[in-house]
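Chain by chain, the residues:
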Amino acid sequence: MNQFDRRTLLKSAALLWTPGLMAEELTRTPRQTEGPFYPDRLPLDKDNDLIVINDSLTPAVGEITHVHGRVLTTAGSPIRGIAVEIWQVDNNAAYIHSRSQNRDRRDTNFQGFGRFETGSTGEYRFRTIKPVPYPGRTPHIHFALKKGGVRMLTTQLYIKGHPQNRNDGVIRFVGDPKLLELLMADFVPVKDSKTGELTARFDIVLGGTPEDPKSDPFRGRGGRPPRPPV
């Protein structure tokens, strides 16, 4: 083997064995509307446990669910320092927003909003309740991801296989079934849990460009959310 052939062979081997060099990029998590009910007044307790507020002895009503996952780049690398926020209705289908429907029935033991900052592994986790439907929407959990205070992504998590998914206008707006699958998670029983707790994994893939929330026509209006185009 001459010197040229040896050099060519070594370069080819380097391409084959360089981790991630030839790997297919991960698909970015689809953006979803923020909707009108991002809290207009954030709770004093904003940690990642939405079941118990401060030192209360009374937990929220609902199926306790551990929602967790990793925040990744399109190359599959974990992203540190991402503030992951979630908000959702309580078991009575009420948000903590001042103009939420069913506000008179709101579970005051449910935090309704939580925040968690990712570390070196890109992992996040929340203890919350399994989402329930409310008028006009299938069960879902809202997510907002921020870096340095800049909104990078707004999206929503859905229960895979829930019968109301097929009639949800926000879901239908996604269109591509492959992209829609990225927003679905199985809510499965926690092994050996004596209280029927569930777990749901939702990995989120971010691009490098911040989103422009002003382009979300349904953002922060309060009241009944408008029906999106289908």
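To start, this report covers the structure provided alongside it.

## Quick word on the overall build of the chain
Scanning the chain for helices and strands turns up three helices and ten strands. If you list the helices and strands of the chain from N to C, you get α-β-β-β-β-β-β-α-α-β-β-β-β. For the chain, with 230 residues in total, the buried portion stands at 43%. Across the chain, every contact between residues at least 6 apart in sequence was considered, and the portion connecting residues at least 24 apart equals 74%. Accessible surface, the chain as shown: approximately 12,800 Å² in total, 53% of it carbon and sulfur.

## A closer look at the pairing of strand β5 (residues 140–147)
Buried residues dominate β5, accounting for seven of its eight residues. When β5 meets strand β6 (residues 150–159), the two strands line up antiparallel, connected through eight bridges. By the bridge assignment, Lys 147 is partnered in β6 with Val 150. The antiparallel pairing of β5 with β6 creates a hairpin that spans two residues between the two strands, and Gly 148 there sits at a positive phi of about 60 degrees.

## Considerations on the packing of aromatic side chains
One pass over the structure, following the stated rule, counts eight aromatic pairs. Seen from their ring centres, Tyr 124 and Phe 143 are 6.0 Å apart, and the 75 degrees between their planes marks the pair as edge-to-face. Pair noted here: Tyr 124 is in strand β4 (residues 123–129) and Phe 143 is in strand β5, with a separation of 19 residues, a long-range link. Like Phe 143, Tyr 124 is buried. A connected cluster of aromatic rings, assembled from ring pairs, spans Phe 116, Tyr 124, Phe 126, Phe 143 and Phe 202. The ring of Tyr 38 has Arg 151 lying over it, and the distance from NZ or CZ to the ring centre is 5.8 Å.

Thresholds applied
Residues numbered from 1 in each chain as written. Predicted model: local features only at pLDDT ≥ 70, side-chain atom pairs only at ≥ 80, totals over all residues. Heavy atoms only, no water. Helix = DSSP H or I, 4+ residues; strand = E, 2+ residues; numbered from the N terminus. Buried < 20%, exposed > 50% of the residue type's maximum accessible area, 1.4 Å probe, protein only. Contact = heavy atoms within 4.5 Å. Areas by Shrake-Rupley, 256 points an atom, 1.4 Å probe, with all protein chains shown as cover. Pairing = 2+ DSSP bridges. Phe/Tyr/Trp six-rings, centres within 6.5 Å; stacked < 30°, edge-to-face > 60°. Lys NZ or Arg CZ within 6 Å of the ring centre and 35° of its normal.

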